[in-house]
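Spelled out from the first residue to the last, the chains are:
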Amino acid sequence: MPTITAFETSPDRGRGQARDMRVRWALEEVGQAYDVRLVSFAAMKQPAHLALHPFGQIPTYEDGDLALFETGAIVLHIAERHGGLLPTDSNARSRAIAWMFAALNTLEPPIVELGMAMLFERDRSWYAERLPMLQDRVRTRLGELSRRLSGADWLDGAFSAGDLMMVTVLRRLNTSGLLDEYPDIAAYVARGEARPAFRRAFDAQLAVFNAASRS
């Protein structure tokens, strides 16, 4: 049974934004049981954890003699080992993997940059001037994604690992108001969040935060 690492005390307050959510969701989708080892921020920078993740972050994934870091690599490994997250047709499979990379490399960077600015730069003199530029960068990508969806339920036929990664990236915009400007994308995210496997993963991550809050 694989073991993943997650925050002992998550900075997102259990809202499913920490990146272990992606791995939990993938494991739930394929019906793979897993263990979770919680790590503190201090422990993440210690040699034992750095041996698993050289950048001192979460999540990591251990299964036998295999240790992985980076959510894209972990989710792809899970999807390749189990049915349900990648199509059997080779071309469709390659397209699903391409959407995983698109979520992480094309959509996530401007979304994370916007989120960091909203969290940590509000008191800066240049924040009001910089914010519209960051928002417009995200809007550009959302507009392109909206045209691709064009009323479809998922990015390329049936739900895949590409959708899993895309939905988790887009959820970072939940408090920004930008998703409201793109009803089709908001509905797409809602469909992902309605999947039973997502709900199980979300509840498991929230339970960790609630337990930490009570202790």
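Above this text you will find the structure in question.
Residues numbered from 1 in each chain as written. Predicted model: local features only at pLDDT ≥ 70, side-chain atom pairs only at ≥ 80, totals over all residues. Heavy atoms only, no water.

J.: Any chance you could explain the sheet that holds strand β3 (residues 60–63) here in plain terms?
T.: Strand pairing in a sheet relies on backbone hydrogen bonds. The paired strands run either parallel or antiparallel. Here four strands make up an open sheet; going across it, the order is β2-β1-β3-β4 and the pairing mixed. Here the strands that pair on one side only, and so sit at the sheet edges, are β2 (35–39) and β4 (66–69). On average, adjacent strands in this sheet sit at an angle of 25° to one another, irrespective of strand direction. Relative to β3, strand β1 (residues 3–7) runs antiparallel, the two sharing two bridges. Paired with Thr3 across the two strands is Glu62, which belongs to β3. Across the sheet, helix α3 (residues 71–81) touches β3 and β4, and the angle it forms with β4 is around 130°. (Pairing = 2+ DSSP bridges. Helix = DSSP H or I, 4+ residues; strand = E, 2+ residues; numbered from the N terminus. Axes fitted to C-alpha atoms, helices over the stretch in contact; angles between N-to-C directions. Contact = heavy atoms within 4.5 Å.)

J.: Explanation requested: the pairing of β4 in the structure shown.
T.: Sheet topology note: the β3/β4 ladder contains four bridges and is antiparallel. Bridging across to β4, Tyr61 finds its partner in Leu68.

J.: Where do I start with the packing of aromatic side chains in this structure?
T.: Geometry of an aromatic ring pair is reported as the spacing of the ring centres plus the angle between the planes. With the rule as written, the count across this model stands at seven aromatic pairs. Ring centres of Phe7 and Phe41 lie 5.2 Å apart, and the angle between their planes is 35°; on these two criteria the pair is classed as tilted. You can see Phe7 sitting in strand β1 and its partner Phe41 sitting in the loop between β2 and α2 (47–50), a full 34 residues away along the chain. For Phe7, a relative accessible area of 14% puts it in the buried group. On the accessibility criterion, Phe41 (47% relative accessible area) is partly exposed. One aromatic cluster in this structure is built from Trp25, Trp154, Phe159, Tyr188, Phe198 and Phe202. (Phe/Tyr/Trp six-rings, centres within 6.5 Å; stacked < 30°, edge-to-face > 60°. Buried < 20%, exposed > 50% of the residue type's maximum accessible area, 1.4 Å probe, protein only.)

J.: In this structure, what is going on with helix α8 (residues 196–214)? I would like to understand it.
T.: Think of an α-helix as 3.6 residues a turn; residues three or four steps apart then line up on the same face. Here α8 is 19 residues long and its end C-alpha atoms lie 27 Å apart, about the 27 Å a rise of 1.5 Å per residue gives. Taken residue by residue, α8 has Ala197, Phe198, Ala201, Phe202, Gln205, Val208 and Phe209 as its buried positions. Projected onto a plane normal to the axis of α8, the buried residues spread over an arc of 135° and lie on a single side. Structural note: α8 exposes Pro196 and Arg214 on the side pointing more than 90 degrees away from its buried face. For α8, the elements touching its buried residues are β1, α1 (20–30), β2 and α7 (183–194). (Expected span 1.5 Å × (residues − 1). Arc of directions from axis to C-beta.)

J.: Just to check I follow, could you spell out the pairing of β1 for this structure?
T.: A regular strand places its side chains on the two faces of the sheet in alternate fashion. Along β1, five of the five residues are buried, which leaves the element largely enclosed by surrounding structure. This β-α-β element, β1 to α1 to β2, shows right-handed connectivity. (Right-handed = clockwise from strand over helix to strand, strands pointing away.)

J.: Mind showing me how you'd approach unusual backbone geometry here?
T.: Most peptide bonds adopt trans geometry, and most residues besides glycine take a negative phi value. With an omega dihedral of 0°, the bond running from Ile58 to Pro59 counts as a cis peptide bond. With respect to the secondary-structure elements, Pro59 resides in the loop between α2 and β3. We note that Glu70 has phi near 75°; this positive angle belongs to a residue other than glycine. Of note, Glu70 is situated in the loop between β4 and α3. Classification of Glu70 by relative accessible area gives partly exposed; the value is 41%. Positive phi values are uncommon outside glycine, yet Ser150 reaches one of about 45°. Relative to the helices and strands, Ser150 resides in the loop between α5 (127–149) and α6 (161–170).

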